[in-house]
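Examining the three-dimensional arrangement
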Amino acid sequence: MIGQLTRTERQIALVILICVAAFGLAIAAAGKDDPIGAHGWLIMVLCIFGVFGVISGYFAPEPSEERLDSYYDEPSRVGIVLSMAWAALGLFVGDWVAWLMVDPALTFDAAWASYGRLRPVHTTAVIFGFGGNALIATSFYVMQRTSRARLPDQLSPLFVLLGYNLFCLLAVSGYLLGITQSKEYAEPEWYADLWLVIVWVTYFVVYLRTLARRKEPHIYVANWYYMAFILVVAMLHIVNNLSVPVSFGSAKSYSLFSGVQDAMTQWWYGHNAVAFFLTAGFLGMLYYFLPKRAGRPLFSYRLSIISFWGITFLYMWAGSHHLHYTALPQWVQTLGMTFSVMLLVPSWASAANALLTLNGAWHRVRDDATLRFMMVAAVFYGLSTFEGSFMAIRPVNALSHYTDWTVGHVHAGALGWVAMITFGSIYAIVPWLWKRERMHSDRLVEVHFWLALAGTIIYVIAMWNSGIIQGLMWRTYSTSGTLAYSFVDSLIAMKPYYIARAIGGLLFLIGGLVGCYNIWMTIRTAPRGVSEPSIAIPEAPLAVIPGRPGAAPQSAE
Amino acid sequence: MGVTYDEVVWFSKTFGLFYLIGFSALVLVYVYWPSNKATFERAAAAILHDEDKPCR
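So, the overall build of chain B
Each helix and strand in chain B was counted, giving 2 helices and 0 strands. For chain B, the spread of C-alpha atoms along the three principal axes comes to 60 × 25 × 15 Å. Burial status across chain B gives 25% buried among its 56 residues. Just so you have it, chain B exposes about 4,000 Å², and 72% of that area is on carbon and sulfur atoms. Averaging the locations of the 5 positively and 6 negatively charged side chains of chain B gives two centres separated by 9 Å.

What follows is the structure in structure tokens.
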């Protein structure tokens, strides 16, 4: 990694690492009686390791000018590996939490292993660790190819990637220590949030600088989605985390907002995290990797632009549907509900666009599990956006809110859409990034696909059942006008579904581990494919199907 | 201060509606502008070309 940096960049890297290490030491000193102190030490130790890493490669020969003739893929490679590592951790903790619902004794009487601490470890590790790293890695890859421009320098993309992982690490280790500001998907405290602002703004600048150097006049639509993801996540993150720390030596802070404003700001953030982190960025992935793997151009480029602006305009207003029947003004609830229903139009337009792109390539979907991952992702995207619009309708929400139906919905989106498109894209990108002809084992990709699909279906159906039963039990009255069931009655009724859910999650986890092994083996042992020039991107193994030229767009002027 | 809740609500219920409609109209005009068709088709096809080098 260090060998790719110029001498000046190595020096800047050292300065950054030493500054951040000093900062860590200051936090450790100021917060010696507070959980934040542990984080100070963690930051310092990691930066010192970084300093040694840079020094060990400091005198290696500088990269030649020839590097400018190729794309800079080191951050993407590191990002993919980190993404899979976070997936393994996040899915494992997720399944642990699922078994905790079956048997609460699985906390082993340890505070750090309590449900309230493990659950955000799961959500952060899968959303930000797995999803975020995959987004950063693929965004660098796609941006360079579609702009025909190399990243502007070697250091800043690495800073973004590693800085982002430091944030994830602070977040996850903080929860175990009991540090949280208890806002969903925004649990990390003020100092980690400030660090993420620095990292994220750098990310945005790297993206803009690459864009400014582009040789293609038109910006390909995938980049619009990636840009929206980066820009809006910055906005959301900054506003929702406006808070005042108790002191510089304390992890605790108080939000700038209170009462219903706090709730509205949080769910404006929370739903747009779904929109711009878990949707826009992954649609960027879809719009590049699906056409590329299928060997066909997008069904309708125009439709992809219309759905882009539709999603961008409409999602912003949908967050209040999380606060139906609360102190939030009725009209704001209605606004959120209406926009959520309208969102179905651009969402289905995207899903349909993806599926129609596959027309003429369905034989590939049949034969190629990687493309099938992407196809199933588009189907689940369509399914879960329909479900989301439906659940945002106030009377439907009266039944679904606070029940497992919500959990089922989130996982239809997270497992069925986000994880499937990510795994599909990763299986496509790994041979390209490491210049291999194909994955180590196509059969293992197939195994992963079926485990993931089976796990998702078992999970989602279990949660639909338990959610609706819960909702109905909580609103059933006896003839004397009292509630017919206690909360514990409903909890007992849930047990079989919780077991089913945990089994579904286990299948998904095993699939993820199979993926990790396959990717590792591809990197480590597969023979080198044909090296660069002419046709550098090896086609999918299916390119050999007779009568099907690999990529033959009809009209290019 | 001077800005009341009612004023903010009035603003968002009027301006908010029209700028959204106006913006949507602009997007549709851009998307269906005849001379943009070629650009879009070229962009959609361009990613399929197997080049793997930046343009210098």
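Overview of the overall build of chain A
Each helix and strand counted, chain A has 17 helices and 2 strands in total. For 557 residues, the compact-globule formula gives about 24 Å, and the C-alpha radius of gyration of chain A, at 24 Å, lands near that figure. Across its three principal directions, the C-alpha atoms of chain A cover 80 × 65 × 45 Å. Within chain A, residue pairs in contact and separated by at least 24 positions form 82% of the contacts whose partners lie at least 6 positions apart. When the accessible area of chain A is evaluated, it comes to approximately 22,200 Å², of which 70% is carbon and sulfur surface. Positive and negative side-chain charges in chain A, numbering 34 and 30 respectively, have mean positions lying 6 Å apart.

Quick look at the interface of chain B and chain A
How big an interface is tends to be reported as the loss of accessible area on association of its parts. Chain B puts 33 residues into the contact, and the matching count from chain A is 42 residues. Together, the buried faces of chain B and chain A total about 3,600 Å²; carbon and sulfur atoms form 65% of this surface. Interface area lost by chain B to chain A is led by Ile-47, Leu-48 and Asp-52 of chain B, which between them contribute 20%. Between the two partners, chain B and chain A, sit 1 salt bridge. The salt bridge involving Glu-216 of chain A is made with Arg-42 of chain B; its shortest N-O contact spans 3.1 Å.

Comments concerning the packing of helix α7 (residues 221-240) of chain A against helix α8 (residues 259-294) of chain A
Residues and elements named next belong to chain A. It is at 8 Å that the axes of α7 and α8 come closest, and there the two elements cross at 160°. The orientation of α7 with respect to α8, classified from their angle, is roughly antiparallel. Handedness of the crossing formed by α7 with α8: left-handed.

Criteria and cut-off values
- Residues numbered from 1 in each chain as written.
- Chains lettered and ligands numbered in written order.
- Predicted model: local features only at pLDDT ≥ 70, side-chain atom pairs only at ≥ 80, totals over all residues.
- Heavy atoms only, no water.
- Helix = DSSP H or I, 4+ residues; strand = E, 2+ residues; numbered from the N terminus.
- Buried < 20%, exposed > 50% of the residue type's maximum accessible area, 1.4 Å probe, protein only.
- Areas by Shrake-Rupley, 256 points an atom, 1.4 Å probe, with all protein chains shown as cover.
- Lys, Arg positive; Asp, Glu negative; His and termini not counted.
- Charge placed at Lys NZ, Arg CZ, Asp CG, Glu CD.
- Rg over C-alpha atoms; globule rule 2.2 N^0.38 Å.
- Contact = heavy atoms within 4.5 Å.
- Buried area = accessible area lost by both parts, 1.4 Å probe.
- Salt bridge = Lys/Arg side-chain N within 4 Å of Asp/Glu carboxyl O.
- Axes fitted to C-alpha atoms, helices over the stretch in contact; angles between N-to-C directions.
- Parallel < 35°, antiparallel > 145°, perpendicular 65-115°, else oblique.
- Left-handed = near helix turned anticlockwise from the far one by under 90°.

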